[in-house]
Amino acid sequence: MEKIPPWKEAATLIIAARVTLKELVGVSLANALSSSKSTTGQSRCDYRLLMVKRSNLSSFMANAFVFPGGKAEIKDFSPNWWEVFSRQGITKHDIEKFCSKVTGPRPDMIIKSSTLKYSNVKNTENYLPPDVALRISAIRETFEETGISILTRSSIRSDDDSSSILDGIDIKGWRDKIRKDPLSFVDFCLEANVCPDIWTLHEWWDWLTPTSVGHKRYDTMFYICCLDKQPSVILDQSEVITYRWGTPEEFLEEHCVNAAFLAPPQVYELSRLIHFKNYQMLQKFVRYRSVKGVERWLPVLCSCKDGALSLLPGDDMYPKKPDYIGKAPGKDLPKTVEEVRQSCQQLHRMEICGPSCTTYSNIVPQCSHLQPKTYRPSQPIVQSFL
C-alpha cells in the first residue's frame, strides 16, 4: 500500500503592486534628502512586494517574514466551486482549457495531489483540478491573513475600477467564518457574486520543506500576481502580526543585516525578483513564463564549520537520489561554507550563516526561469557567482 507523504500541500502568493508616480517621486526625493541613503538604489524600483510577519506562536516559521499563504484544504477542491464559476459564465470546459495551457514540467502536487488523493472523499471525479484548487487556496489564505481580495466578476470590464467589488459585504464577518471553515469561502463568493480570480495567479515555483527541518513539512506552490495598484491590508492578528510593502532589495538588505528573518525559499525568490526594477517588465516576464511549468525542489542540508548549506538540484554536491522521506540529519562537513564553495564548479545553493542566507548559482535555470543574483548588503549586486 502506498504511503501517505510526510508533508502537507500549501500555496503561497507573491503580490507585486505597482507604485504610483507620485509615490515613486516621493520616495526618491526622501532618499535624496536623507543622509543615510541606502546604496542599493531601492527607489528606482517602481513596484513593491507584500510580506507578512508570522506570530511567534505560529506552529511553522514563527517570527519569519513570508509571502501570504498557507495549507491547502480538501474544501478548496470542493465540487461546490463549480456553481461559483458557473454564475460568472465559466464552464467546466473553460476550466479544463485553463488547466491545459502549461507545456512545461508538472510537479506531483499538480498531477497527483496528495490533498485530493489521501482525503476521506470516496469519489473525487467532480472535484476541482489541482491547478485551480491550489490557486483558490492561495487566494483564500491571502484573504484570511491580509483582507486582500483577489476576486473577479463577469460584469466588470477591464477599464472598470474593481476596488468596490465587495461594497456592502461584511468582510470581517466573512473572514472569521472562512478562517473557521474554508468551505465558507464558497458561500462568500456566491453572496458577493464573485469568483476567485485564478487567471491573475501565475505559477512561480514549487518548494518542498527539507527533511529534518522542524516537525512540519510542506510542498508549497509559489504563485505570483501583479496588481496595478497597492491594495489595503487589514491583518487577521492571529497567525500574522505585521506586514511590509518593500522592494526585493529592501527585504534582502534587512535580512542580511539581521533586521528581518526570511526563510531560504523567500531569499531565493527575492534573489530572482531582484532582476526587475520595472513593473511592466516583471509583468511581461510573469505572463511569458506562465506556460513554461515548474519543478519541485527539495533542498538538501549539510552542516559546515561556520554555517550550513542548502543544496539544490544541479549543484555538484546535490545527491543523485535525494531522500524525500527520511529524517536523518545531513552531512557534517569539516570545512567552512566558503571552502566548500571554492571546491565546487557547478553551484546551486544557499549558504546559511547564523540567521542570514545568501544564494549562489551558476547553472542554467530550468523552465525558462531566472538565475538568482547573489546579494550582499551595501555592495553591488552580482550575477550569482559566475
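All values reported here derive from a predicted model rather than from experimental measurement.

Thresholds applied
Residues numbered from 1 in each chain as written. Predicted model: local features only at pLDDT ≥ 70, side-chain atom pairs only at ≥ 80, totals over all residues. Heavy atoms only, no water. Salt bridge = Lys/Arg side-chain N within 4 Å of Asp/Glu carboxyl O. Helix = DSSP H or I, 4+ residues; strand = E, 2+ residues; numbered from the N terminus. Buried < 20%, exposed > 50% of the residue type's maximum accessible area, 1.4 Å probe, protein only. Arc of directions from axis to C-beta. Contact = heavy atoms within 4.5 Å. Phe/Tyr/Trp six-rings, centres within 6.5 Å; stacked < 30°, edge-to-face > 60°. Lys NZ or Arg CZ within 6 Å of the ring centre and 35° of its normal. 1 Å grid on protein atoms, 1.4 Å probe; cavity = no way out; pocket = protein on both sides within 12 Å on 5 of 7 lines; lining within 4 Å. Points joined across faces, edges and corners; volume = space filled by probe spheres on them. Nonpolar A, V, L, I, M, F, W, Y, C, P; charged D, E, K, R; others polar. Core = buried A, V, L, I, M, F, W, Y, C linked by side-chain atoms within 4.5 Å. Pairing = 2+ DSSP bridges. Axes fitted to C-alpha atoms, helices over the stretch in contact; angles between N-to-C directions.

A. Looking closely at the pattern of salt bridges. The tally for this structure, following the rule as stated, stands at 19 salt bridges. Here Lys75 and Asp181 are joined by a salt bridge, their closest N and O atoms 2.8 Å apart. With Lys75 in the loop between strand S4 (69–71) and helix H2 (81–87) and Asp181 in the loop between helix H7 (171–180) and helix H8 (184–192), this residue pair connects regions lying 106 residues apart in the sequence. Look at Lys75 and you get partly exposed, because its relative accessible area is 34%. A salt bridge links Asp131 to Arg106, with the shortest nitrogen-to-oxygen separation between them at 3.1 Å. Taken as a pair, Asp131 in helix H6 (residues 130–146) and Arg106 in the loop between helix H3 (92–99) and helix H4 (108–111) lie far apart in primary sequence, 25 residues in all. Each of Asp76, Arg140, Glu141 and Glu144 takes part in a single network of salt bridges with overlapping partners.

B. View of H3. For H3, the full list of buried residues reads Ile95, Phe98 and Cys99. Angular distribution of buried residues about the axis of H3 spans 95 degrees; they occupy a single face of the element. Turned more than 90 degrees off the buried face of H3, the exposed positions are His93, Glu96 and Lys97. Against H2 and H6 lie the buried residues of H3.

C. Local environment of the packing of aromatic side chains. The full count for this structure, using the stated rule, is 15 aromatic pairs. With a centroid separation of 6.1 Å and 75 degrees between ring planes, the pair formed by Trp204 and Phe285 is classed as edge-to-face. Placement of Trp204 in strand S7 (residues 202–208) and of Phe285 in helix H11 (residues 279–289) is noted, with a sequence separation of 81 residues between them. A relative accessible area of 1% means that Trp204 is categorised as buried. You can call Phe285 buried: its relative accessible area is 12%. Look at Phe276 and Phe285: their rings are 5.4 Å apart centre to centre, the planes differ by 40 degrees, and that puts the pair in the tilted class. The pair Phe276 / Phe285 is uniform in exposure class, with both members buried. Every member of this aromatic cluster is reached through a ring pair, and the members are Trp81, Phe143, Trp174, Phe185 and Phe188. The ring centre of Trp174 lies 4.5 Å from the NZ or CZ of Lys177, which sits over that ring. Sitting above the plane of the Trp205 ring, Arg272 keeps its charged end 5.1 Å from the centroid.

D. Structural detail: empty space enclosed by the protein. Taken as a whole and assessed by the stated rule, the structure comprises 1 cavity of 30 Å³ or more. If you trace the largest cavity, you find it lined by Leu252, His255, Cys256, Val267, Ser271, Cys357, Thr358, Thr359, Lys373 and Tyr375. Considering only residue class, the lining of the largest cavity consists of 5 nonpolar, 4 polar and 1 charged.

E. Expanded view of the nonpolar core. Membership of the largest hydrophobic core comes to 93 residues, with the highest contact counts inside it found for Phe85, Phe185, Phe188 and Trp204. Apart from the residues lying within four places of it in its own chain, the contact partners of Phe85 are Ile90, Ile95, Leu128, Val132, Ile136, Cys195, Pro196, Ile198 and Trp199. Membership of the second largest hydrophobic core comes to 12 residues, among which are Leu208, Leu311, Leu333 and Val337.

F. A look at the sheet that holds strand S11 (residues 300–304). What the 4 strands build is an open sheet, ordered S11-S12-S13-S14; its pairing is antiparallel. The sheet terminates laterally at S11 and strand S14 (356–361), the two strands that pair on one side only. Taking each pair of neighbouring strands and ignoring which way they run, the sheet shows an average axis angle of 20 degrees. Bridging between strand S13 (residues 348–353) and S14 involves 6 bridges; their strand directions are antiparallel. If you follow Glu351 over to S14, its bridge partner there is Thr358.

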